[in-house]
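Structural overview for review
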Amino acid sequence: MPASRRPASRATFTFFGQIRPDSFAEFAAHRAARLSIALDTIAVDATAARLRVAGAPDLVDAFEMALSLGPADCLVREVERNDND
Amino acid sequence: MTGTQWVPLALARDIAPGTSAGTMVEDAEIVVWRDTDGRAHAWEDRCPHRGMKLSFGFVRGDHIACLYHGWEFDEGGICRKIPAHPDLEVPGSICAARYGCTETGGMIWAALPLGTDPIEVPALPDAVPVRSITLEAGLITVADMLLNEENAVIEGALATLDCAHGPLAIGVQPIRPGTVALHITTRPGASAETLLAICDWAETLRRAAEKEIAA
């Protein structure tokens, strides 16, 4: 079965590090749109961004990788992932 | 550049079916490629995955594949295959940015800048490609030198003139400040000797333009 037709993967991520909230939120929204992922931004501050996402499993993984790199003005040091929240 | 404008990217002859080439217009990097059915395409020269130049990639039928991770894009710019995820039905949101593209007058043209509304496609008469040449000189310098020729007119990015070897239609491509490419064509039926003479004329023009800049 094509990956995108498998049940959507749902996960909640918390990205810890040096976060510029506006920049990180914009980056997350852009990447989510590019990957056709539903994004719910729960909270973002200077030390952490908590995001809930749903989409094709491979693309949720790609989202995690992209956000772990983050925009140029943020530094992600740790990622916490909870699947099927 | 203000508003939407058609800009020449290459002589049509120089982009063979199944090949790609990188070029620039005012510092914007563009891949011009031709699918195996002969249709020309002009896209941003950047894979949406990791930013690799698509001009380094491979044309496969009506797709172009990125050299880096093999992401494959159809003629509409939509990613259709990610080799690392063979079972993934790639969403249409993963796509490369395309310019409007057409072929006329023996040249491939792109509508710039990205994302602007299409404008009327220029309809140019049939022409014989001579050569493309890059000049390390500013656009105004080059335009002034072209306008010194007999019956010279510049409309948009197209210069028409009569040099000593016959009528020319020249696409003017501003690559970056201080660098201009000229895509030179002439009328059908020109002899091989005439084509060589036009090449010499172009070399002379380049030397003169670059000498003027250096002075």
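Bear in mind the structure is a predicted one, so any value in this text is a computation, not a measurement.

Glancing now at the domain arrangement of chain B. Residues and elements named next belong to chain B. The domains assigned to chain B are domain 1 (5–112) and domain 2 (128–214). For domain 1 versus domain 2, the separation of C-alpha centres amounts to 27 Å. Domain 1 puts 17 residues into the contact, and the matching count from domain 2 is 13 residues. Listing elements by their share of the side of domain 1 that touches domain 2, those giving two or more residues are β1 (5–11) and β2 (19–25).

Attention now goes to the nonpolar core. Within the largest apolar cluster, 75 residues are counted, with the highest numbers of intra-cluster contacts made by F63 of chain A together with L9, V32, I108 and A110 of chain B. Examining the composition of this core, we find that six residues originate from one element, strand β10 (residues 107–112) of chain B, more than from any other. Here this core gathers at least three residues from each of two domains, domain 1 (5–112) and domain 2 (128–214) of chain B. If near-sequence neighbours (up to four positions away) are discounted, V32 of chain B is found in contact with L9, A10, I15, A21, T23, A40, A42 and I108 of chain B.

Moving on: the sheet that holds strand β13 (residues 158–163) of chain B. Backbone-to-backbone hydrogen bonds join strands into a sheet, with any given pair of strands oriented parallel or antiparallel. Residue and element names in this part refer to chain B. With antiparallel pairing, five strands are arranged side by side in an open sheet as β11-β15-β14-β13-β12. The sheet terminates laterally at β11 (128–135) and β12 (150–155), the two strands that pair on one side only. Direction aside, neighbouring strands of the sheet carry axes that sit 20 degrees apart on average. Strand direction decides the pairing type here: β11 and strand β15 (residues 179–186), joined by seven bridges, are antiparallel.

Cut-offs used in this document
- Residues numbered from 1 in each chain as written.
- Chains lettered and ligands numbered in written order.
- Predicted model: local features only at pLDDT ≥ 70, side-chain atom pairs only at ≥ 80, totals over all residues.
- Domains from an automatic or database assignment.
- Contact = placed C-beta atoms within 7 Å.
- Helix = DSSP H or I, 4+ residues; strand = E, 2+ residues; numbered from the N terminus.
- Core = buried A, V, L, I, M, F, W, Y, C linked by C-beta atoms within 7 Å.
- Buried ≥ 20, exposed ≤ 12 C-beta atoms within 10 Å, placed from the backbone.
- Pairing = 2+ DSSP bridges.
- Axes fitted to C-alpha atoms, helices over the stretch in contact; angles between N-to-C directions.

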